[in-house]
Amino acid sequence: MRSFKEEQIGALAPGANALANARKISSGGGFISRLRSEDDTFYMGICKGSGKSDYVVSADFVDEENPVFRCNCPSRQFPCKHSLALLFEIAAGKEFTVGDIPEDIRKKREKKEAREAKKASAAEEKPKNPRAGKAARTKKIQKQLEGLELLRQAVSGLLNTGLSSMGSISLKSYRELAKQLGDYYLPGPQAGLNRLILEVEAFQKDQDQSHYHRAVEVLKKLHGLEKKADVYLREKLKKEDPEVDGDVLYEELGGIWKLEQLNALGLKKENARLLQLSFQVIFDAAKKEYADTGWWADLDSGEIFCTCNYRPVRALKYIKQEDSCFDLVRIPCLLCYPGGMNRRVRWENAGYETTGPEHWNRLKELAWQEIRPAVKEAKNELKNTLSEDFCGMLLAFSRIGNAETEKGSCMVAEDRTGCRIELRNRPGEEDTLTALTCLAEPELLRNQALFGRVYYDPSDRSICMSPLSIVSDRGIVRFLF
């Protein structure tokens, strides 16, 4: 008989309400009968309905990676709460009578196999026109170069005249340019220009220098992106076939990686073991989207990865929000996006295991044991104009507490050599420092490992860390989700 963990069921649920209702149905004895096939590929149950009729619910696992859920209830959610409740029945180890797969399910399987075979056959027979594909890619690159020229003119003008030239009147022209960049297949630079406009607008309203500093950093990144992208695209035009490659500029310009592309480029790791250190939802006003961001540690290499589930505001009701994960995730094939320290990763299927002291102690072993070399590594990453303005890092510490500095009292993490890094909240983000100071157990602040984002604060030109979680001998204490 199959087994499921709640994280696996939660990953399939269309929302938190559906998951909660499914749990209630299962725990409340909502199923009248349960049946499974002898080969363990099909599960079915009769569930009490809200009206006179009961619902027939089934889960077909003949395709392990793409299970099919069916239910005759009127819900438009997929899978519905009754299908999720059936999974909870399996997870609870309840008794399922072994029986034959219904005839209508067998016919549906046969029709699906026939459709897939026909589709595969059509794909093989359809003649490909390599010249047409090359012509389309070449045309797109030429259009992108035209858009980069417009961006170059705007950025050069701001570098010569200063950000003060972006008055209320000229901001309108910059907004128009941002819209145009989308027509030139440059959503990446478009988001950067929108971010610059938002920071300048905010500075004009409150005269807060932090907005001005961030605007300068965005302008520097746009300048660097424009120069590197121009060289990158012109080099691609020289090739006989400008195919997708593993350069980070592809995504910076707004390209979207497909899993098969990452796999073909060899950007993968087999049999990976990941443990989530933190989870947060970040809103990007420039892109008008939410990013459900998970921070993960590789238990073999110690590398810190991140996962991002992007949810544009205009499509929120169609894209399910990701959630925290507290189990060890075993991934047969981990696909990695090109990048620097904190590469983004994805996977198609995974197994879940309960974590224990051996995993938490392993994380502490993999952490940077001294702050000085860790900060040096972070500085090298932050110098890259195309990288994020922060690095996710796991640092071992001997103590966390207040310390007196030239600037006054502040919260610091100190390593075994006495080297310190100041802990701060990143401007405009959630307060995690208060959660850290409110920890009731003093042992959590001594001889553990701290995960957070290391960043450069231009207000006093210092390298700081925004704390997100503590890895202790007894588990991971998170300050957010």
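Refer to the structure printed above.
Since this is a predicted model, take the numbers as computed values, not measurements.

Rules of the game
Residues numbered from 1 in each chain as written. Predicted model: local features only at pLDDT ≥ 70, side-chain atom pairs only at ≥ 80, totals over all residues. Heavy atoms only, no water. Pairing = 2+ DSSP bridges. Helix = DSSP H or I, 4+ residues; strand = E, 2+ residues; numbered from the N terminus. Axes fitted to C-alpha atoms, helices over the stretch in contact; angles between N-to-C directions. Core = buried A, V, L, I, M, F, W, Y, C linked by side-chain atoms within 4.5 Å. Buried < 20%, exposed > 50% of the residue type's maximum accessible area, 1.4 Å probe, protein only. Contact = heavy atoms within 4.5 Å. Patch = residues over 30% accessible without salt bridge, like charges linked within 9 Å, V, L, I, M, F, W, Y side chains within 5 Å. Areas by Shrake-Rupley, 256 points an atom, 1.4 Å probe, with all protein chains shown as cover. Salt bridge = Lys/Arg side-chain N within 4 Å of Asp/Glu carboxyl O. Lys, Arg positive; Asp, Glu negative; His and termini not counted. Charge placed at Lys NZ, Arg CZ, Asp CG, Glu CD. Expected span 1.5 Å × (residues − 1). Polar contact = N/O pair within 3.5 Å; in protein donor to acceptor, adjacent residues only side chain to side chain.

(A) Structural view of the sheet that holds strand β1 (residues 31–37). With respect to topology, five strands assemble into an open sheet ordered β4-β3-β2-β1-β5, the strand pairing being mixed. Each edge of the sheet is formed by a strand with only one pairing partner; in this case those strands are β4 (68–71) and β5 (97–99). Mean inter-strand twist for the sheet, computed between neighbouring axes without regard to direction, equals 20°. In this structure, strand β3 (residues 55–60) lies alongside β4, joined through four bridges in antiparallel fashion.

(B) Just the nonpolar core, in detail. Ranked by size, the top nonpolar core spans 38 residues in total, and within it M166, L193 and L196 carry the most contacts. Of all the secondary-structure elements, those providing two or more residues to this core are α5 (130–161), α6 (168–183), α7 (187–206), α8 (209–238), α9 (248–252) and α10 (259–264). At eight residues, α8 tops the list of elements feeding residues into this core. Residues within four places of L193 in sequence aside, it is in contact with Y174, L177, A178, L181 and L222.

(C) Spotlight on a negative patch on the surface. Taken together, the side chains of E103, D104, E110, E113 and E116 define an acidic patch exposed on the protein surface. Looking at where D104 falls in the secondary structure, it is placed in helix α4 (residues 103–125). Its relative accessible area of 42% is what places D104 among the partly exposed residues.

(D) Examining α8 more closely. The end-to-end C-alpha distance of α8, which contains 30 residues, comes to 44 Å, matching closely the 44 Å that a straight helix rising 1.5 Å per residue would cover. Those residues of α8 lying buried are H211, A215, V218, L219, L222, G224, L225, E226, A229, Y232, L233 and K236. Among the residues of α8, the N-terminal cap falls to D208, whose side-chain oxygen and the backbone nitrogen of S210 are separated by 2.9 Å.

(E) Representation of the side chain of S58 in the model. Looking at the secondary structure, you find S58 in strand β3. Excluding residues within four positions of it along the chain, S58 makes contact with F42, Y43, M44, V68, F69, R70 and L86.

(F) Structural context of a positive patch on the surface. Side chains of K107, K108, K111 and R115 sit close together on the surface and give a patch of like positive charge. Residue class for R115 comes out exposed when judged on its relative accessible area of 54%.

(G) Looking closely at the pattern of salt bridges. Summed over the entire model, instances satisfying the criterion amount to 31 salt bridges. The salt bridge involving D298 is made with K269; its shortest N-O contact spans 2.5 Å. Taken together, the residues D298 in strand β7 (residues 289–298) and K269 in strand β6 (residues 268–284) connect sequence positions 29 residues apart. Note that D389 and R426 form a salt bridge whose closest N and O atoms lie 3.1 Å from each other. Note that D389 is positioned in the loop between α12 (371–382) and β12 (390–405) and R426 in the loop between β14 (420–423) and α13 (433–437), a separation of 37 residues in sequence.

(H) Examining a nonpolar patch on the surface more closely. A cluster of nonpolar side chains, F283, V313 and L316, forms an exposed patch at the surface whose accessible area comes to about 230 Å². The exposure class assigned to F283 is partly exposed, which follows from its relative accessible area of 41%.

(I) Spatial organisation of unusual backbone geometry. The step from F78 to P79 runs through a cis peptide bond, and the omega angle for that step is -10°. Along the polypeptide, P79 turns up in the loop between β4 and α3 (81–91). A positive phi angle, close to 55°, is found at N271, a residue other than glycine. Structurally, N271 is set in strand β6. Relative accessible area serves as the criterion here: at 59%, N271 is assigned to the exposed category.

Interpretation in functional terms is not warranted from these geometric data alone.
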